[in-house]
Amino acid sequence: MLTPARRRPRTVDVPPVSPDELHRDQPDAHRTHVCDGDLVARCSLWWTAGPSLPGERLGRIGHYYAADPAAGTALLHAACDELARRGCTLALGPMDGTTWRPYRLITDRGPEPPFFLELDHPEDWPAHYLGAGFTPQAHYLSALAPARPAADERLERQREHFARLGVTLRPVRLADWTHELRAVHAVTHAAFARNYLFSPLDEAAFIAQYRAVRSFVEAALFFLAEHAGRLVGFLFAVPDLLQARRGGPVDRLILKTLAVLPERPYLGLGSLLLGEAHVAAGRRGHRGVIHALMHESTLSLAASRYFEAQVIRRYDLFGRRLACRAPCTRSDADGTGREVT
């Protein structure tokens, strides 16, 4: 805990992290900043397990919440000092341990309102990180494309190609939800294994994470691609239910997750799944499809451009170089550790 500071005006109240979140995310430490008996900033720290980068030992700062820039910046400086003492060479934040949990900050809100399942936060939080010496480490975006009322020639060719190969598409079986998710878990890990900051998530935790959205899932919007009796790809989409909560019509579909096995026969299957989702959106009367939270370096951007998607939001993950104050364990390319001096 930081030394109590003199009271200052607060822009927001800071809720404590729930015991369930702490139990689920298993941080190595949790830190708070108290001012005149009030909680004004808090965060959790991770320096063991989790994602890796070649040549670095990563520390992560998550569960972040701050009442004002001064409290947030002070807490972030203290968090970096502790991560350096733990042997970390690079601090990343905000990240609740891994990329399976909430991470990133909105840095360009654009003209569109928030969409369903998109995390939001006070607008000044990026300035907290910049004020504590962080800089953008990775860039992400969400884009809005028009829905399509019918298949175009490319989609028809893709349908024919994968039909000849023996790949079939079907909706998820909600009555067999846990069994379906076991196959989805395997495809997700195979598809994302080379992604930036990927770290494995065990099957039980993966199923528990999807359980949180089960009530919003429509079978017809969870596309499964199968070949020779096994799942080889999937696309998960959900209507933008925030539109209804704002009192308007639900006319946008959100593409949450697209994954395809990285095997040669399935090259182009992701484009087929995207095309089917856009046509499904058009048939449901939606005007747009949100391609959500894409890393700027991924192939998803090329597919997004084909569908004439326009960027509506930008996000950054922030990083700060640390002066390691302990014998530093850096991760080499295969994820093992080695002591360096």
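Scroll up to find the structure this text is about.
Residues numbered from 1 in each chain as written. Predicted model: local features only at pLDDT ≥ 70, side-chain atom pairs only at ≥ 80, totals over all residues. Heavy atoms only, no water.

Visitor: So what about the nonpolar core? Which residues, and what values?
Guide: Core analysis: the biggest nonpolar cluster contains 51 residues, and V184, Y210, F222, F234, L235, L255 and L269 have the highest contact counts within it. Of the residues forming this core, the biggest block, 8 residues, is contributed by helix α8 (residues 269–283). If we ignore the near neighbours within four places in the chain, the residues touching Y210 are W177, L181, F222, F234, F236 and T257. Counting residues in hydrophobic clusters, the runner-up holds 28 residues, among them V40, A71, L75 and F134. (Core = buried A, V, L, I, M, F, W, Y, C linked by side-chain atoms within 4.5 Å. Buried < 20%, exposed > 50% of the residue type's maximum accessible area, 1.4 Å probe, protein only. Helix = DSSP H or I, 4+ residues; strand = E, 2+ residues; numbered from the N terminus. Contact = heavy atoms within 4.5 Å.)

Visitor: Would you mind going over the packing of helix α4 (residues 153–165) against α8 in detail, with residue names and values included?
Guide: For the pair α4 and α8, interaxial distance at closest approach is 10 Å and the crossing angle is 125°. Viewed along their axes, α4 and α8 adopt a mutual orientation that is oblique. Between α4 and α8 lies a crossing of left-handed hand. Contact with α4, carried on its side by R154, L155, Q158, R159 and F162, involves L269, S271, L272, G275, E276 and V279 of α8 and no other residues of that element. (Axes fitted to C-alpha atoms, helices over the stretch in contact; angles between N-to-C directions. Parallel < 35°, antiparallel > 145°, perpendicular 65-115°, else oblique. Left-handed = near helix turned anticlockwise from the far one by under 90°.)

Visitor: So, α8: which residues are in play, and what are the values?
Guide: An ideal rise of 1.5 Å per residue puts 21 Å on 15 residues; α8 measures up with 21 Å between its terminal C-alpha atoms. Here α8 lies mainly inside the structure; 13 of its 15 residues are buried. Just downstream of α8, G285 is the residue with a positive phi angle, here 90°. (Expected span 1.5 Å × (residues − 1).)

Visitor: Quick rundown of unusual backbone geometry? Include the residues and the values.
Guide: Omega for the peptide link from G93 to P94 comes to -10°, which places this bond in the cis form. With respect to the helices and strands, P94 occurs in the loop between β4 (90–93) and β5 (105–108). The phi torsion at A49 lies on the positive side, around 60°, for a residue other than glycine. The residue A49 is located in the loop between β2 (38–46) and β3 (58–66) in this model. Residue A49 is classed as exposed on the basis of its relative accessible area of 66%.

Visitor: Describe the packing of aromatic side chains, listing the residues and the values that go with them.
Guide: Under the criterion given, the structure shown has 17 aromatic pairs. Feature note: the residues W100, W177, F198, F206, Y210, F222, F234 and F236 constitute an aromatic cluster, connected by ring pairs. Positioned over the ring face of Y103 is R104, at 3.9 Å from the centre of the ring. Above the plane of the ring of Y306 lies R154, whose end atom (NZ or CZ) is 3.4 Å from the centre. (Phe/Tyr/Trp six-rings, centres within 6.5 Å; stacked < 30°, edge-to-face > 60°. Lys NZ or Arg CZ within 6 Å of the ring centre and 35° of its normal.)

Visitor: Residue-level account of the pattern of salt bridges, with values.
Guide: One pass over the structure, following the stated rule, counts 20 salt bridges. Its salt-bridge partner being E276, residue R159 comes within 2.7 Å of it at the nearest N-O pair. Of the two residues, R159 sits in helix α4 while E276 sits in helix α8, which places them 117 residues apart along the sequence. Residue classification places R159 among the partly exposed residues on the basis of a relative accessible area of 25%. (Salt bridge = Lys/Arg side-chain N within 4 Å of Asp/Glu carboxyl O.)

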